[in-house]
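Each chain is listed here by its residues.
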Amino acid sequence: MKKLSPLQIERLKYQPKLPECLAKGINTLELVEGSATQSVRDQEQIKELFKNTYGKPVVTFKNSISMTASEAKNVGVILSGGQAPGGHNVIAGLYDALKQANPSNKLYGFLGGPSGIIDGKYIEFTDEFMNEYRNTGGFDIIGSGRTKLETEDQFQKSLAVCKKLGITAVVIIGGDDSNTNAALLAEWFVKNNTGIQVIGCPKTIDGDLKNDQIEISFGFDTATKTYAELIGNIQRDANSAKKYWHFVKIMGRSASHVALEAALQTQPNITLISEEVEEKKMSLESIINYMTDIIVKRADMGKNFGIAIIPEGLIEFIPEMKSMISNLNDIMASLETDPDFVNATTIRDKFEIVENRLEPANAKVYNSLPILIKGQLLADRDPHGNVQVSKIETEKLLIEMIETRLAELRSQGEYIGKFSAQSHFFGYEGRCAFPSNFDADYCYSLGFNAFALINFGLTGYLSSVRNLTAPASEWVAGGVPLTMMMNMEKRHGEMKPVIQKALVKLDGPVFKQLEENREDWALNDRYLFPGAIQYFGPSCVCDITTCTLKLERSKELVNA
Ligand code: FBP
């Protein structure tokens, strides 16, 4: 028997809450269909590419008279992409619904992400195995991976594995890219008359898989609360010692939702938002000037300390960097097999090869960067051929450039303070935390609901649970056609159908909240200390949701 921590033991006993209609039982549901849908953009192209799954209605569930158990089914489940708190509960909800519908139903978990279904690596879930993982963080129950499921050969192999196991439905738990792949697989399975359904579940701590139908992806709640706890602790340390500026980079591959939410929960002195940097076309120099200005003003007030939040994806939103990185991505793809580059003995030789190939303006930008960052920009690309921003130490880049700028100001007699900086990167710390009560309930509901969609024979749908700021019993369960969220975007130089990523809206209530307060927070210390996530105790601390969800939902309710 594995040794468990006291919290693990107590959390295993937690019974996640379900929307009322699902709580009444999987065999009591009736499907309510809305009207036909269309994709967010590029309707003609998406319709052409998804001839069999395009245009389906949004669906919701209500209760009806109890039905008898449905025919026995085998279902497969895949965890895809980066870890997000609550993944285990999606599987627990799916498993419980499936067994409730018919105890002969079986759930198979594909191991190591989407490659598991291609290579036929799987386990069959049992009560005993499932029970060990309830309400825990992590994806270690079956593992995850970033293999893209998109080629004919991969679909054929997946079909063969499903046939061997008698699987007639696959649930893909993933972000925008994984659910784009879920839509492609669903379409392919229908086109080829396989009888296999595909249902997605919205996962990612980044919070960028959301739209009118999906209020938030799971994991965002727990991850942001975890980062906010750490930032709050650092703020208290900074405010106690009064000697350091802390530069905290926070995960979020592209969108700045995580940084924005963590900032609203803690009220630091500086928060950069990538989407604003892009919109205002702020150069690296203007970002440095903006930050330096606040540092100098605080020093004039005798405050040589502070906290700055930096979104992970920032570097790719700075116009001159974006252009240079895009040029560099193409060059790196061509250099993968170049013997001169591969066998270069020193990093400086590699820099030279790259600089000679970059367009002159981009070479100038690349050359202006500190050696550390130049090296990190040459690290391995992700499966999409992009720079892995989690490996670029933007926080250190900013510190170095600010030090240079402050030295200039000092020599001109315009700065008399002391600048001593500490850098941090919060990302992996939050992705596998014990899910908050919100994520534990939301994930369990998403999984349970995914089986309800399967039970009604649907395919190409994303499990959706809405009305999330109300108590769980009032949540609305249903499904959204994946094609409804799609548009055409350029990938690897080709136009492809993809689920649209939700970036921070600069005219939305969440960013506005920061914008209205940041001048005050910059100079007057309005730090908030959220503390650790609470699992037991009064509902006003255990069941609170994020500022993002609260602000977005209150706007939605006003407009309704
Ligand atoms: P997903 O989009 O797959 O959910 O992953 C998001 C993320 O956590 C980003 O915030 C981060 O940039 C990236 O994963 C890190 O990836 P990896 O786990 O491969 O280092």
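Residues numbered from 1 in each chain as written. Predicted model: local features only at pLDDT ≥ 70, side-chain atom pairs only at ≥ 80, totals over all residues. Heavy atoms only, no water.

Soluble globular proteins tend to pack their nonpolar side chains together in the buried interior. Among the nonpolar cores identified, the biggest contains 70 residues, and Ile91 and Val171 are the most heavily contacted of them. Those residues within four positions of Val171 in sequence are excluded, and the remaining contacts are Val75, Gly76, Val77, Ile78, Leu94, Ile199, Cys201, Ala450 and Ile454. Counting 50 residues, the second-largest nonpolar core is a separate cluster that includes Ile295, Phe341, Leu377 and Tyr415. (Core = buried A, V, L, I, M, F, W, Y, C linked by side-chain atoms within 4.5 Å. Buried < 20%, exposed > 50% of the residue type's maximum accessible area, 1.4 Å probe, protein only. Contact = heavy atoms within 4.5 Å.)

What follows is about the layout of surface pockets. Within this model, the second largest pocket holds a volume of roughly 840 Å³. Counting residues per element, the ones that place at least two in the lining of the second largest pocket are α10 (257-266), α21 (509-523) and α23 (547-559). Ranked by residues supplied to the lining of the second largest pocket, first place goes to α23 with seven residues. The residue inventory of the lining of the second largest pocket, partitioned by class, reads 13 nonpolar, seven polar and eleven charged. (1 Å grid on protein atoms, 1.4 Å probe; cavity = no way out; pocket = protein on both sides within 12 Å on 5 of 7 lines; lining within 4 Å. Points joined across faces, edges and corners; volume = space filled by probe spheres on them. Helix = DSSP H or I, 4+ residues; strand = E, 2+ residues; numbered from the N terminus. Nonpolar A, V, L, I, M, F, W, Y, C, P; charged D, E, K, R; others polar.)

So, on to the packing of aromatic side chains. Scanning all chains against the criterion turns up 15 aromatic pairs. Ring plane angle 35° and centroid distance 5.5 Å describe the contact between Phe438 and Tyr442, whose orientation is recorded as tilted. Here the residue Phe438 and the residue Tyr442 both occupy positions in helix α20 (residues 437-455), the gap between them amounting to four residues, near one helical turn. Exposure remark for Phe438: the relative accessible area of 7% places this residue in the buried category. For Tyr442, a relative accessible area of 1% corresponds to the buried category. Pairing Tyr444 with Phe448 gives two aromatic rings, centres 6.3 Å apart and planes at 40°, and the pair type is tilted. (Phe/Tyr/Trp six-rings, centres within 6.5 Å; stacked < 30°, edge-to-face > 60°.)

Here we take up the site of the ligand. Taken together, 13 residues lie around the ligand, and Gly82, Asp206, Glu312, Tyr428 and Arg431 are the ones closest in. Within the side chain of Asp206, an N or O atom sits 2.7 Å from an oxygen atom of the ligand. Arg431 has a polar side-chain atom sitting 2.9 Å from an oxygen atom of the ligand. Starting from 480 Å² of accessible surface for the ligand in isolation, the protein chains cover 83%. (Near = heavy atom within 4 Å. Polar contact = N/O pair within 3.5 Å; in protein donor to acceptor, adjacent residues only side chain to side chain. Areas by Shrake-Rupley, 256 points an atom, 1.4 Å probe, with all protein chains shown as cover.)

Interhelical geometry of helix α12 (residues 284-300) versus α21 gives an angle of 45° and a closest axis separation of 9 Å. By the angle class used here, α12 and α21 are oblique. In contact with Tyr290, Ile294, Lys297 and Arg298 of α12, α21 contributes Arg518, Ala522 and Leu523. Its residues assigned to classes, the contact of α12 with α21 comprises four nonpolar, no polar and three charged. (Axes fitted to C-alpha atoms, helices over the stretch in contact; angles between N-to-C directions. Parallel < 35°, antiparallel > 145°, perpendicular 65-115°, else oblique.)

What follows is about the sheet that holds strand β8 (residues 245-250). Strand order across the open sheet formed by four strands is β9-β10-β8-β11, with parallel pairing between neighbours. Both edges of this open sheet fall to β9 (270-271) and β11 (421-426), since each of them pairs with a single strand only. With six bridges connecting them, β8 and β11 associate as parallel partners. From the neighbouring strand, Lys249 faces β11, where its bridge partner is Phe425. Against the sheet, α12 contacts β8, β9 and β10 (306-311), and its axis sits at roughly 150° relative to β8. (Pairing = 2+ DSSP bridges.)

Along α21, the sharpest change in direction is near 50° and occurs at Asn517. In this structure, the buried residues of α21 make contact with α10, β9, α11 (274-279), α12 and α23. (Bend = angle between axes of the 7 residues up to and from the residue.)

Right, let's get into the pairing of strand β2 (residues 57-63). Regular strands place side chains that alternate from one sheet face to the opposite one. In terms of strand pairing, strand β1 (residues 29-36) meets β2 through six bridges, oriented antiparallel. Across the sheet, residue Leu29 finds its bridge partner in β2, namely Asn63. Where β2 lies against strand β13 (residues 476-481), two bridges are found, and the strand directions are antiparallel. Along β13, the bridge assignment pairs Val59 with Gly479.

This brings us to the side chain of Ser464. Counting through the fold element by element, Ser464 comes out in strand β12 (residues 461-466). The class of Ser464 is buried, set by a relative accessible area of 5%. Discounting residues that sit within four places of it in the chain, Ser464 has contacts with Gln213, Ile214, Leu446, Asn449, Val476, Ala477, Gly478, Gly479 and Val480.

Before going further, it helps to examine the pairing of strand β3 (residues 74-79). A large share of β3 lies buried, amounting to six of its six residues. Here β3 runs beside strand β4 (residues 106-110); their pairing, made up of four bridges, is parallel. Paired with Val77 across the bridge in β4 is Gly109. Across six bridges, the pairing between β3 and strand β6 (residues 167-174) is parallel. Considered in β6, the bridge of Leu79 is made with Ile173.

An order of β1-β2-β13-β12-β7-β6-β3-β4-β5 is seen for the nine strands of this open sheet, with the pairing classed as mixed. Every other strand in the sheet has two partners, leaving β1 and β5 (122-124) as the edge strands with one partner each. Averaged over all pairs of adjacent strands, the angle between strand axes in this sheet comes to 25°, irrespective of strand direction.

For Asp176, the location among the structural elements is in helix α8 (residues 176-191). Owing to a relative accessible area of 8%, Asp176 belongs among the buried residues under this scheme. For the pair Asp176 and Gln15, spaced 161 residues apart in the sequence, the C-alpha separation amounts to 29 Å.

Positive phi is not limited to glycine here, since Asp42 has a value of about 50°. Here Asp42 is to be found in the loop between β1 and α3 (43-49). The class of Asp42 is partly exposed, set by a relative accessible area of 23%.

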